[in-house]
Amino acid sequence: MDLIPAPLGLRADADQHFLLDAGTGLDGGPGTEGVQRWLRDTVGAATGLPLPPGAGIVLRVAPELADEEYRLTVGAEGVELVGGPAGLFWGAQTLRQLLGPEAFRRAPLKREGWRLPWLTVEDAPRFGWRGVLLDVSRHFLPKADVLRYLDLLAAHKLNVLHLHLTDDQGWRVEIKRYPRLTDVGAARERSMVGYRSGGNRDNRPHGGFYTQDDLREIVAYAAERRITVVPEIDIPGHAQAAIAAYPELGNHDVVDTAALATWTDWGVNPNVLNVDDGTLRFYENVLDEVLEVFPSTFVHLGGDECPKEQWRASPSAQARIKEQGLSDEDELQSWFLRHFDSWLAARGRRLIGWDEILEGGMLEEHSDKGGGGRREGGLAPGAAVSSWRGYAGGVAAAQAGHDVVMCPEQQVYLDHRQAPGDDEPVPVGWVRTLEDVYRFEPVPPVLRQDPAAAAHVIGTQANLWTEFMDDVREVDYHAFPRLAAFAEVAWSRLPQEPAERDWAGFAARMAVHRARLDALGVEYRPESGPRPWQRRPGVQGRPIEGAPPEV
Ligand code: ACM
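Keep in mind the model is a prediction, meaning the values are calculated, not measured. (Residues numbered from 1 in each chain as written. Predicted model: local features only at pLDDT ≥ 70, side-chain atom pairs only at ≥ 80, totals over all residues. Heavy atoms only, no water.)

Trainee: Got a minute to help me understand the pairing of strand E13 (residues 228-235) in this structure?
Mentor: Look at any regular strand and the pattern is simple: side chains alternate between the two faces of the sheet. When you tally the buried positions in E13, you get 7 out of 8 residues, the bulk of the element. Summarising the sheet, strand E8 (residues 160-164) and E13 pair through 5 bridges and their orientation is parallel. Paired with Leu163 across the two strands is Pro231, which belongs to E13. Strand direction decides the pairing type here: E13 and strand E14 (residues 298-302), joined by 2 bridges, are parallel. Residue pairing for E14: Ile235 is matched across the bridge by Gly302. (Buried < 20%, exposed > 50% of the residue type's maximum accessible area, 1.4 Å probe, protein only. Helix = DSSP H or I, 4+ residues; strand = E, 2+ residues; numbered from the N terminus. Pairing = 2+ DSSP bridges.)

Trainee: How should I be thinking about the pattern of salt bridges in this particular structure?
Mentor: Close approach of charged atoms allows side chains of opposite charge to pair. If you walk through the whole model with that rule in mind, you get 33 salt bridges. Ionic pairing is found between Arg148 and Asp476, a salt bridge with its closest N-O pair at 2.7 Å. You can see Arg148 sitting in helix H3 (residues 143-155) and its partner Asp476 sitting in helix H16 (residues 472-479), a full 328 residues away along the chain. Considered together, Arg148 and Asp476 belong to a single accessibility category, that of buried residues. (Salt bridge = Lys/Arg side-chain N within 4 Å of Asp/Glu carboxyl O.)

Trainee: Help me understand the sheet that holds strand E7 (residues 129-135), please; the structure alone is not making it clear to me.
Mentor: Sheet strands line up and pair through hydrogen bonds in the backbone, either parallel or antiparallel. Reading around the barrel, the 8 strands line up as E7-E8-E13-E14-E15-E16-E17-E19 and close back on themselves, with parallel pairing between neighbours. Shown here is a sheet whose adjacent strand axes are inclined to one another by a mean of 25°, direction ignored. The sheet contact formed by strand E16 (residues 384-387) and strand E17 (residues 403-406) spans 4 bridges and is parallel. Of the residues in E17, the one forming a bridge with Ser386 is Val405. Packing of helix H17 (residues 482-491) onto the sheet brings it into contact with E7 and strand E19 (457-464), and relative to E19 it is tilted by some 170°. (Axes fitted to C-alpha atoms, helices over the stretch in contact; angles between N-to-C directions. Contact = heavy atoms within 4.5 Å.)

Here you go:
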């Protein structure tokens with residue numbers, strides 16, 4: 001049936017089909033209204049079938065099934081779809097795939113001949129967190145593109161959109177209390193084109209931001225599709241856009257922060273937040289508004305790539321180190337993040353951060369380990385880690401009892417190139433082909449030997465950093481078709497050993513899946529390489545040669 005991601009179980013009941021026509025009805029019990037609406041809106045639009053209330057396709061919430069589990073049966077009487085509340089929606093995605101690629105258009109090319117094979121699909125995901133990061137800071141993605149990406153995630157049974165909303169190069173979320181964050185921080189004068197050493201700049205301002213109502217709409221649209229939007233507000237590094245808007249947030253006892261603008265370079269930036277009380281209060285106020293817009297349990301606070309030079313030079317940061325009895329700037333960073341970790345926990349939310357948040361003694365127990373009654377080392381028990389520099393951070397966190405989302409840059413950074421050679425648009429990183437992504441295993445061998453720790457790997461995520469993708473067409477090129485392989489890694493209970501995965505079988509299913517992506521209007525990378533207009537001749541990248549290291 002060419003389903004992607006592959007379901008847990010599929011039995012073709014006979015070589016027969018159920019035909020859908022204008023009389024085919026759609027009905028369901030309580031709790032199925034949202035999925036009925038989605039089927040009428042989406043499958044109805046593609047097929048031209050009105051799907052009036054009545055017999056034909058029947059939906060039911062089944063309390064005995066897990067939230068994301070479903071069972072889809074097609075026979076002589078029609079379709080029965082039962083599932084947990086979310087499982088019903090994933091079952092509806094399977095039903096759409098079974099109708100053929102033309103069910104992925106927005107208007108019908110044909111009015112009849114819609115048919116479903118008799119079968120039973122019993123399905124449930126391997127991981128509860130099947131995520132994609134969109135970096136809307138480096139290059140802003142208009143709201144319409146974000147909504148389209150939610151549809152693309154849903155079609156692949158992916159269920160977390162991690163929105164990287166703030167960074168040095170742009171602040172993208174309206175904060176009513178601090179309007180300069182977007183008045184100043186949402187725009188930059190120009191951008192670097194390609195990698196730093198290429199020396200290329202455009203002379204074109206770039207910017208954009210989402211109002212809180214835009215974000216509420218995105219969150220609600222996602223929720224209808226069983227997708228959680230996890231916002232990221234990156235602290236204490238990657239914060240120059242905020243400092244440009246409010247210079248008092250930076251290390252003004254070291255550098256002239258009033259002279260800083262939203263950053264026009266890519267890379268790791270020395271201009272980080274200061275650790276004064278005013279900065280703590282500022283970000284609490286920001287987060288108050290963020291929590292109001294995003295109901296997600298997890299709130300991502302970054303924590304990555306925070307150079308410590310300014311803190312080393314800053315009398316104010318050094319005074320904080322002394323006051324808190326900390327031993328160095330790494331511990332100062334953990335003190336700063338721990339503050340917000342506790343702040344979120346007190347509001348029933350959970351911190352998630354990049355694996356740098358483990359530095360500075362963060363995996364130690366909550367205790368007064370320093371003596372003197374001042375220190376409280378360690379992350380709150382509910383805090384979780386996005387393991388990006390490899391598996392190691394995630395392994396250490398899981399072994400210490402913290403939840404982990406595995407997203408190692410060596411494997412699932414989809415800004416990295418898809419093939420060797422100069423034709424790839426702005427070639428950066430390691431070569432990660434469709435097959436490489438298909439063979440990615442989120443639970444490394446060391447954790448497979450330790451089931452209790454392995455259970456803390458709550459999922460996996462593919463990250464789309466956009467320094468070198470300046471519009472949605474380039475995001476499509478980098479994301480697809482690899483996101484289809486990633487979806488199968490995240491959803492399907494594949495053999496544990498990546499080498500045992502049926503790559504040939506997946507590649508064969510991809511032939512049909514590419515037709516679905518064509519119908520959806522996704523500008524994926526063709527197997528034969530980029531089309532002429534998908535190349536970026538002359539724009540320098542930063543390819544890394546050889547296979548990525550095992551980390
Ligand atoms: C990261 O790639 N800096 C999380």
